[in-house]
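Breakdown of the fold
Residue strings, one per chain:
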Amino acid sequence: MKQKIGLIGGLISAVVIVAFAIYLATNSIPQNIASWIMWTILDTLILISCLAAGNKRPWLPAGYTLGAFLVTLILLTRGVWHWGTVETISAIGATAATACWWKLGPKSAIIASTLAMTLAGIPAMNDAWFRPDPASWWLWGGVAFSCALSCYGAKAWTIEERFFPCSSFIFNTTMTILVLR
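Residues numbered from 1 in each chain as written. Predicted model: local features only at pLDDT ≥ 70, side-chain atom pairs only at ≥ 80, totals over all residues. Heavy atoms only, no water.

**Some points on helix H8 (residues 159-180)**
Where we set the bar: Only DSSP runs of H or I reaching four residues or more are called helices, and only runs of E reaching two or more are called strands; each is numbered from the N terminus. What a helix is expected to span follows from its residue count: subtract one and scale by 1.5 Å. Throughout, exposure labels follow a simple rule: accessible area from a 1.4 Å probe, protein chains only, divided by the maximum for the residue type, with under 20% read as buried, over 50% as exposed, and the rest as partly exposed.
Along its 22 residues, H8 runs 31 Å from first to last C-alpha, staying within 8% of the 32 Å computed at 1.5 Å per residue. Looking at H8, one finds that the buried residues are Glu160, Glu161, Arg162, Phe164, Pro165, Ser168, Phe171, Asn172, Met175, Thr176, Leu178 and Val179.

Structure, rendered in structure tokens:
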């Protein structure tokens, strides 16, 4: 039963983020494209790292990768682009963590990539702090819920099983609060 909960968490993350991508195609919800580009790259690295570390059920990173890729594609087609100091600092941190991914083993790479994901989210957090937009609350809240399910459904309390879902839960809960305030 616990394994199915982890799978459900991964499926919910994919459905929520893909639904958000579709919603973005027809509605104007401000999103930071720099964050989404970095998230797409880092989600892919985390998925690969989880598989390399022996995680046989990386449903959450798989759902994130699919969803972030679609959101990024839609944002790129809309031509909305902003790059400033916050995005540059975030990209430097994400690049450093990605470099660590190449040098470290899979478990350390999961930690480095997850930290880079958080750094990649700083531009989105900055936008949510200064210009909260409640239109995206269901994205962040839905993904936070999927992370909670993935944390519970993980096989063991190990880096490869729980670090990413638990860290993502904290980030997405914070984003939910920021966009709703």
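**As for the packing of aromatic side chains**
Put simply, the rule reads: Stacked, edge-to-face and tilted labels apply to pairs of Phe, Tyr and Trp rings (six-membered ring for Trp) whose centres lie within 6.5 Å, assigned for plane angles under 30 degrees, over 60, and everything in between, in that order. Look at NZ for Lys and CZ for Arg. If either is within 6 Å of the ring centre and within 35 degrees of the ring normal, a charge sits over the ring.
Here the structure, examined in full by the defined rule, presents nine aromatic pairs. Between Phe20 and Trp138, the aromatic rings sit 5.7 Å apart at their centres with planes inclined by 65°, giving edge-to-face as the arrangement. Here Phe20, found in helix H1 (residues 2-26), pairs with Trp138, found in helix H7 (residues 137-153); they are 118 residues apart in sequence, far enough to count as distant. Relative to Trp140, the ring of Trp39 lies with its centre 5.9 Å away and its plane at 70°, an arrangement referred to as edge-to-face. Of this pair, Trp39 sits in helix H2 (residues 33-52) while Trp140 sits in helix H7; the two residues are 101 residues apart in sequence, bridging distant segments of the chain. For Trp39, a relative accessible area of 5% gives the class buried. For Trp140, a relative accessible area of 4% translates into the label buried. Through a chain of ring-to-ring contacts, three or more aromatic side chains come together here, namely Phe20, Tyr23, Trp36, Trp39, Trp138, Trp140 and Phe171. Residue placement shows Arg162 over the ring face of Trp157; its charged tip is 4.0 Å from the ring centre.

**A word on the pattern of salt bridges**
Applied cut-off: Any Lys or Arg side-chain nitrogen found within 4 Å of a carboxyl oxygen on Asp or Glu counts as a salt bridge.
Counting across every chain of the model gives one salt bridge. With a shortest N-O distance of 2.9 Å, Asp127 and Arg131 are connected by a salt bridge. Look at Arg131 and you get exposed, because its relative accessible area is 56%.

**Examining the environment of Ser108**
Its location among the elements puts Ser108 in helix H5 (residues 106-120). Given the relative accessible area of 35%, Ser108 is considered partly exposed. When the C-alpha positions of Ser108 and Ser49 are compared, they lie 8.9 Å apart, and in sequence the two are 59 residues distant.

**Topic: the packing of H2 against H5**
Put simply, the rule reads: Angles run from 0 to 180 degrees between N-to-C directions of axes, and those axes are lines fitted to C-alpha atoms, restricted for helices to the stretch in contact. The cut-offs work like this: below 35 degrees is roughly parallel, past 145 is roughly antiparallel, 65 to 115 is roughly perpendicular, and the gaps in between are oblique. In this scheme, a crossing is called left-handed if the near helix is turned counterclockwise away from the far one by less than a right angle; it is called right-handed if the turn is clockwise. Contacts: residue pairs with any heavy atoms within 4.5 Å of one another.
Where H2 meets H5, the axes come as close as 9 Å, and the angle between the chain directions of the two elements is 165°. Considering the angle they form, H2 stands roughly antiparallel to H5. The two elements H2 and H5 cross, and the hand of that crossing is left-handed. Residues Ser35, Met38, Trp39, Leu42, Asp43, Leu45, Ile46, Ser49, Cys50 and Ala52 of H2 pack against Pro106, Ala109, Ile110, Ser113, Thr114, Ala116, Met117 and Ala120 of H5.

So far we have only geometry, and geometry alone does not tell us how the molecule works.
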